[in-house]
Protein chains: 2
Amino acid sequence: METCFIVPMSAHDRLVKAAYEHRGYDAEEAAEAARCCAEAARHGIRTHNAIKAIHLDSALGSGSHGCVPRAMIEELPSRFSACRVWNANRKLGQSVAYRAMAAAIELADRHGVGVVSVDNAFHYLWGGGYVMDAARKGYIAYTNCTAGLAEVVPFGGRYPTLGTNPHSWGFPTVEAVGFPIVVDWATSVVAMGRVQQFRREGRPLPPMAAVDRSGNPTTDAEAAVSLLPFGGHKGYGLALINELVAAFIGGSLPTLRSRWAGDGEKHTPSFFFQVIHPGALAGGAFAGGRTQIENVKAVIADVLGHGNGGVLLPGQPEAEWAARSDAAGGLLFTAAEIAAFNEIAAGCGEAQWDPASLASAG
Amino acid sequence: METCFIVPMSAHDRLVKAAYEHRGYDAEEAAEAARCCAEAARHGIRTHNAIKAIHLDSALGSGSHGCVPRAMIEELPSRFSACRVWNANRKLGQSVAYRAMAAAIELADRHGVGVVSVDNAFHYLWGGGYVMDAARKGYIAYTNCTAGLAEVVPFGGRYPTLGTNPHSWGFPTVEAVGFPIVVDWATSVVAMGRVQQFRREGRPLPPMAAVDRSGNPTTDAEAAVSLLPFGGHKGYGLALINELVAAFIGGSLPTLRSRWAGDGEKHTPSFFFQVIHPGALAGGAFAGGRTQIENVKAVIADVLGHGNGGVLLPGQPEAEWAARSDAAGGLLFTAAEIAAFNEIAAGCGEAQWDPASLASAG
């Protein structure tokens, strides 16, 4: 592992809040943004930390037309008791996601299952973080969203008309295995950021991860312009699900997403959140007189048993990174990341972090 | 396409019902079994037609301990209004699945979303058929189940501790594209039946589809003993979801599933059904003044546009096969399949089908 500097959570949150407030967000939005970024960094999700979040806000958010600081969430009328539909009016995605998941939990407490659909959204960054949070509170949670840009070619096609459209599931398994099991990934083989990394490093891409300008699969990172879904038609189907759910909510054409123009079209992503109360699933007849969570623990032990000692649970690397962060007493960032934070600090008039004054972890 | 014989639906259903009644199932169960098999055959799902269903009933169902003819579904008490939990008491899977999906639709009509969880289940065969049916009725439907046997090695492991655990999603897109979009597949690269087919044909398996006795990946169909999930850790996560959902419902250890012993353990799969009323998702602000379904149609057209003419929608091959069946005026079966049906007929004292008297389609 690369040597990392240890940044106290309070210093991180102060800087991130300042950066968001500098961009016009209110204190609550800024705190929600900082919370999401801190949790991402704490769990080692380096692709969705504050550096990425603030870059995204510049590229597609308040720096573009995608996100509107201080926007108000509008609850739309619905005749359905276990579902709510929100018009986010392009409010900060992290704020909307935390609130939507909380609303879905309330619905699940009453109805067993709760769904919150969000129209006119802005990128919520790390879907895994919201389901992990709900899972820690004891719920089975799921979210999907349509990604900001159409970068993925459907299976059998040549032109990117799908987003990297992630799916995230979280399970309340803290009592069973010590952390929430979180299944969370994009439906492309790799992200575009990874293609850029391979390009910088002069390395070939994995096979069937990207296509060139003519729509032909390529492992040449320089020639790659669009992504392919993982698992052929299966990953394509999973990516299409997000576009369909979004289309039922109110999302428009994927190839127009985030590509703002005065065309009377909609350019926003959509979110879908769902929470299930585990009590609403329980048949109550667990083998060997086990409780529900003892049964979950026994099933997981069976999956990981029989010589499968090397198998990781989804969410385990994140839990291990969080333990490392907590032991270090702060968030772990590389020298390059510290430099990027210092650019953010310069941009909003905050004090820079002096690497010489930060402890480090190997 | 191989030449197929055309079997009138009525002849097919008469034989399948007789075969199930011969095994002790009541008339309603036999009709539900026939309906599922007929729909599978009509849509070209040759891996889940009546031949497979009856073979499964012999191997793991009423011929073993897995399925109990004339069993009664027991509704368990629940304080949650949008969720129901059933003890299927090992009733025929197809019967339980049709009824559970109907119950979930009722819940979705009232609450926007409805969930039916089923403990002590028996294999429902073709998950895609149930979501396709609900989608044709206008709903967004989802089901998963734990497969009958643990045949799949978790990513990074050596020993099979997961089922081929399928996921099936259906979307009400008949008005948009002429058929329901159905995303439906197992989480293994291939099914065990496919491995046997490659073995018979002396052909190598696709890479990373199976492992040998030592748990090492192999393309040698003769050496293959267990399957691998598709997409590495992503498919593993998807397979694990079914085990976790089942564990919360009441399913026990995957490696014990269908392996009956007087061990005080549970050996049954579990089912999870979910239906969403599309009205419960609608933000109502579709671009260009489109209706919800016009919006869905526009999004699909965008995905398939831009030179992506060769892209198929999930569910399209099934819809095309159904059109072929309907044009032929019956279900299409190969000579080998007709022979298998005639064995079934012999087993239950029904008249055999004479290929000479059946029309054929090329």
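Reading the values: the criteria
Residues numbered from 1 in each chain as written. Chains lettered and ligands numbered in written order. Predicted model: local features only at pLDDT ≥ 70, side-chain atom pairs only at ≥ 80, totals over all residues. Heavy atoms only, no water. Helix = DSSP H or I, 4+ residues; strand = E, 2+ residues; numbered from the N terminus. Rg over C-alpha atoms; globule rule 2.2 N^0.38 Å. Buried < 20%, exposed > 50% of the residue type's maximum accessible area, 1.4 Å probe, protein only. Contact = heavy atoms within 4.5 Å. Buried area = accessible area lost by both parts, 1.4 Å probe. Salt bridge = Lys/Arg side-chain N within 4 Å of Asp/Glu carboxyl O. Polar contact = N/O pair within 3.5 Å; in protein donor to acceptor, adjacent residues only side chain to side chain. Nonpolar A, V, L, I, M, F, W, Y, C, P; charged D, E, K, R; others polar. Least-squares fit on C-alpha atoms with pLDDT ≥ 70 in both. Domains from an automatic or database assignment. Pairing = 2+ DSSP bridges.

### Description of the overall build of chain A
Turning to step 1, where the next piece is worked out: The helix and strand tally for chain A stands at 11 helices and 13 strands.
Turning to step 2, where the next piece is worked out: Taking 362 residues into account, the globule formula puts the C-alpha radius of gyration at 21 Å, and chain A, at 21 Å, falls close to it.
Turning to step 3, where the next piece is worked out: In terms of overall dimensions, chain A has a C-alpha envelope of 60 × 50 × 45 Å along the principal axes.
Turning to step 4, where the next piece is worked out: Here chain A holds 362 residues, and the buried ones make up 61% of them.
Turning to step 5, where the next piece is worked out: Pairs at least 24 apart in sequence give 66% of the contacts found in chain A among residues at least 6 apart.

### Focus: the interface of chain A and chain B
Turning to step 1, where the next piece is worked out: The interface is formed by 94 residues belonging to chain A together with 94 residues belonging to chain B.
Turning to step 2, where the next piece is worked out: Between chain A and chain B, a total of about 6,900 Å² is buried, with carbon and sulfur atoms accounting for 68% of that surface.
Turning to step 3, where the next piece is worked out: On the chain A side of the contact with chain B, Lys-234, Phe-248 and Leu-281 of chain A bury the most area, a combined 12% of that side's loss.
Turning to step 4, where the next piece is worked out: Across the contact surface, chain A and chain B share two salt bridges.
Turning to step 5, where the next piece is worked out: Across the salt bridge formed by Glu-265 of chain B and Arg-290 of chain A, the nearest N and O atoms sit 3.4 Å from each other.
Turning to step 6, where the next piece is worked out: Viewed at the interface, chain B and chain A are joined by 33 residue pairs in polar contact (both at pLDDT 80 or more).
Turning to step 7, where the next piece is worked out: Broken down by element, the side of chain A that touches chain B gets its largest block of residues, 14 residues, from helix α8 (residues 233-249) of chain A.
Turning to step 8, where the next piece is worked out: For the side of chain A that touches chain B, a count of residues per class yields 53 nonpolar, 30 polar and 11 charged.

### What about the relation of the copies chain A and chain B?
Turning to step 1, where the next piece is worked out: Superposition record for chain A on chain B: RMSD 0.0 Å, screw rotation 180°, translation along axis 0.0 Å. On this basis, the relationship between the two copies can be described by a two-fold rotation axis. By C-alpha distance to the rotation axis, the residue of chain A lying nearest is Gly-231 of chain A, at 2.5 Å.
Turning to step 2, where the next piece is worked out: Here 100% of the contact residues of chain A are again contact residues in chain B; the copies associate through an equivalent surface.

### Brief notes about the domain arrangement of chain A
All names here are of chain A.
Turning to step 1, where the next piece is worked out: With domains assigned, chain A is organised as domain 1 (1-70 + 332-362) and domain 2 (71-188 + 229-329).
Turning to step 2, where the next piece is worked out: If you average the C-alpha positions of domain 1 and of domain 2, the two centres end up 23 Å apart.
Turning to step 3, where the next piece is worked out: Listed per partner, the contact involves 33 residues of domain 1 and 32 residues of domain 2.
Turning to step 4, where the next piece is worked out: Where domain 1 abuts domain 2, roughly 3,000 Å² becomes buried across the two surfaces, and 64% of that area is made up of carbon and sulfur atoms.
Turning to step 5, where the next piece is worked out: The three residues of domain 1 that bury the most area against domain 2 are Cys-36, Arg-42 and His-43, which together make up 20% of that side's buried surface.

### Considering the pattern of salt bridges
Turning to step 1, where the next piece is worked out: The final tally for this structure, using the stated rule, is 28 salt bridges over all chains.
Turning to step 2, where the next piece is worked out: In this structure, the salt-bridge partner of Asp-57 of chain A is Arg-23 of chain A, at a minimum N-O distance of 2.9 Å. Of the two residues, Asp-57 of chain A is situated in helix α3 (residues 50-59) and Arg-23 of chain A in the loop between α1 (9-22) and α2 (27-42); the sequence distance between them amounts to 34 residues.
Turning to step 3, where the next piece is worked out: On the accessibility criterion, Asp-57 of chain A (1% relative accessible area) is buried.
Turning to step 4, where the next piece is worked out: Classification of Arg-23 of chain A by relative accessible area gives partly exposed; the value is 27%.
Turning to step 5, where the next piece is worked out: Two residues, Glu-29 of chain B and Lys-91 of chain B, come together in a salt bridge whose shortest N-O distance is 2.8 Å.

### Quick notes on the pairing of strand β6 (residues 167-171) of chain B
Residue and element names in this part refer to chain B.
Turning to step 1, where the next piece is worked out: Taken across its five residues, β6 has five buried, putting it largely inside the fold.
Turning to step 2, where the next piece is worked out: Side chains His-167, Trp-169 and Phe-171 of β6 all project onto a buried face; the interleaved residues Ser-168 and Gly-170 project onto the opposite face, where all are buried too.
Turning to step 3, where the next piece is worked out: Direction of pairing for strand β5 (residues 140-145) relative to β6: antiparallel, over a ladder of four bridges. Paired with Asn-144 across the strands is His-167, a residue of β6.
Turning to step 4, where the next piece is worked out: Of the pairings in the sheet, the one linking β6 to strand β7 (residues 181-185) comprises five bridges and is antiparallel in character. Following the sheet pairing, Ser-168 is matched in β7 by Asp-184.

### Observations regarding the sheet that holds strand β8 (residues 210-211) of chain A
Residue and element names in this part refer to chain A.
Turning to step 1, where the next piece is worked out: The three strands are arranged β9-β8-β10 in an open sheet whose pairing can be described as antiparallel. Here the strands that pair on one side only, and so sit at the sheet edges, are β9 (217-218) and β10 (226-227).
Turning to step 2, where the next piece is worked out: Summarising the sheet, β8 and β10 pair through two bridges and their orientation is antiparallel. The partner of Ala-210 across the bridge, within β10, is Leu-227.

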